[in-house]
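What follows is each chain in one-letter form.
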Amino acid sequence: MAATKTKRKPVHIATSQRYPEGSQIMWGAIRLLRTFTLHDIEGKTRINKSTIRTYVLGLESAGYLERQRPVKAQGRYQKTHWNLVNDTGVDAPRVTRDGKPVTQGRRREQMWRTMRILGEFTIPDLAINASTEEHPVNEGDVKHYCMYLTRAGYLQIVTPGKPGNRPGTGTRQRYRMLKTRYTGPQPPMIQRVHQVFDPNLGVVVWPKGGDA
Amino acid sequence: MTNQNKVVNLPTATVAPITNVAMCSAAMTRAIERSGHLPGMVTLYGPSGWGKSTAAGYTANKLHCYYVECKSSWTRKALLIAILKEMGIQPAKTLYEMTDQVSEQLVLSGRPLIIDEMDHIVDKKATEIVRDIYEGSHAAILLVGEEQLPSKLKAWERFHGRMLEWIPAQPASIDDASHLARLYCGGVEISTDLLAKVHELSHGSVRRIAVNLDMIRAEAGKAGWMGVDLATWGTRAFYTGEAPKRRV
């Protein structure tokens, strides 16, 4: 039987295992070493080497890293070294394998930031305020996200929405963002298994005592 | 009224065309792209409800800024911890280390910083921290606060010279009101006379216009109006933000 392709692990497992995975971990190691080989990063992070290669090549194409000229010693080429040339701080650059920037997730980020700024809002309020021309946020997205964040205790329902007897006659649900529940800049994630994972805390916040 | 107000599911329904939002994001773009010898701080000031935070929020989303909102109880340490939390960095122990952490992240990431409700801390030493962060990073920084903010900043040395632009928030124009109607009352046509009335009673406050428009939308839904003008609205009350008058 052909070897099955290993799939990406769910985030709550990938970040909490003994050797956590993810581009953030690789980027941390790269920033620490500044000049490195793939092998060095593998030693530091214990992440699969081909995963590291994909990310490093992406970073190289995007101009974050520079490949050193190959050195020949004892008749053969030595391991390739990369230099970190564009250090953009703690947040790992999100790039595809050919170095294009990844914008997936910007909408959630915008919603999460805007909720905190607005404090109290209805679904259309948030959709309007969180939208930019490049990344418009639609009301369906907002509704879905707010539903899960309410379950996970980030939002509180101030006035429950009520359906009317005709379309457009109901009351809109009002939410309030609890300021003490702002855990950090990364928006909580809704996982495929229908859990809410908070990447700032690194834990599953809903359901309580879930699959963490 | 023409049907220009009846835009449902506008592909990019953003707050961008509102005067204050447009001014604020344009000024921040200039601050980010400024040439080396120019200062990099921008101040947006004006009365409450005029859409300053909306402008700051849109700018934060558009230009990928770090955003913090000050509270009146904040000390220097509280300010630094809040900014570091927003950056996702574990704060160091001392104030100067934290200031360095913030400055370093601003320099490396090239992302601007927005400090909302700046007037809460403008009388305190925390203001010096903002200056230190600017000196350490020369990043574009947007300060947002009430009307008195520029004069209060005057009390601090070396603040005025670092300001690229002072932006006084503008009262909402009739164009802003009609854009808000498009955003909040899609599906209900609001006539020019009613919109003008709302605009007049709101005294330049974007917030009050939005509240009034939402009332109109709700009322129109109940009554089943497709369009509303001043005559249809009749003697129904508007939200003016004033305390109710006593009728004895």
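Reading the values: rules and limits
Residues numbered from 1 in each chain as written. Chains lettered and ligands numbered in written order. Predicted model: local features only at pLDDT ≥ 70, side-chain atom pairs only at ≥ 80, totals over all residues. Heavy atoms only, no water. Domains from an automatic or database assignment. Helix = DSSP H or I, 4+ residues; strand = E, 2+ residues; numbered from the N terminus. Polar contact = N/O pair within 3.5 Å; in protein donor to acceptor, adjacent residues only side chain to side chain. Contact = heavy atoms within 4.5 Å. Buried area = accessible area lost by both parts, 1.4 Å probe. Salt bridge = Lys/Arg side-chain N within 4 Å of Asp/Glu carboxyl O. Nonpolar A, V, L, I, M, F, W, Y, C, P; charged D, E, K, R; others polar. Axes fitted to C-alpha atoms, helices over the stretch in contact; angles between N-to-C directions. Left-handed = near helix turned anticlockwise from the far one by under 90°.

Chemist: Explain the domain arrangement of chain A to me, please; I cannot follow it from the model alone.
Modeler: By a widely used convention, the size of an interface equals the accessible area lost when the partners come together. On domain assignment, one finds that chain A holds domain 1 (22–84) and domain 2 (106–206). The C-alpha-based centres of domain 1 of chain A and domain 2 of chain A are spaced at 38 Å.

Chemist: Looking at this model, I keep getting lost on the environment of A:Glu133. Mind explaining?
Modeler: Turning to its location among the elements, A:Glu133 is positioned in the loop between α6 (123–130) and α7 (139–151). Polar contacts involving the side chain of A:Glu133 include one to the side chain of B:Tyr58, which spans 2.6 Å. At 3.0 Å, the side chain of A:Glu133 and the side chain of B:Lys62 are in polar contact.

Chemist: Hey, could you run me through the interface of chain A and chain B in this one?
Modeler: Counting residues at the interface gives 31 residues for chain A, matched by 36 residues for chain B. With both chains or domains summed, chain A and chain B bury close to 2,800 Å², and 45% of this area falls on carbon and sulfur atoms. In this assembly, chain A and chain B are joined by 7 salt bridges. Two residues, B:Asp214 and A:Arg172, come together in a salt bridge whose shortest N-O distance is 3.5 Å. In this structure, the connection of chain A to chain B is made through 13 residue pairs in polar contact (both at pLDDT 80 or more). The set of elements that each furnish at least two residues to the side of chain A that touches chain B consists of α5 (106–118) and α6 of chain A. The biggest single contributor to the side of chain A that touches chain B is α5(A), with 7 residues. Here the side of chain A that touches chain B is composed, by residue class, of 7 nonpolar, 11 polar and 13 charged.

Chemist: Where do I start with the packing of α6(A) against α7(A) in this structure?
Modeler: How two helices pack is summed up by the angle between their axes together with the distance between the axes. All names here are of chain A. Between α6 and α7, whose axes approach to 9 Å, the crossing angle comes to 115 degrees. Here α6 runs over α7; the crossing is right-handed. Of the residues in α7, those in contact with Ile123, Pro124, Leu126 and Ala127 of α6 are Glu139, Val142, Lys143 and Cys146. A per-class count over the contact of α6 with α7 returns 6 nonpolar, no polar and 2 charged.

Chemist: In this structure, what is going on with unusual backbone geometry? I would like to understand it.
Modeler: Following A:Trp206, the chain continues to A:Pro207 via a peptide bond in cis, the omega torsion being -5 degrees. If you trace the backbone, A:Pro207 turns up in the segment after β11 (203–206). Positive phi is not limited to glycine here, since A:His194 has a value of about 60 degrees. Position of A:His194 among the secondary structure elements: in the loop between β9 (189–190) and β10 (196–198). Look at B:His138: it is not a glycine, yet its phi comes out positive at around 50 degrees. With respect to the helices and strands, the residue B:His138 is situated in the loop between α5 (126–137) and β4 (141–145).

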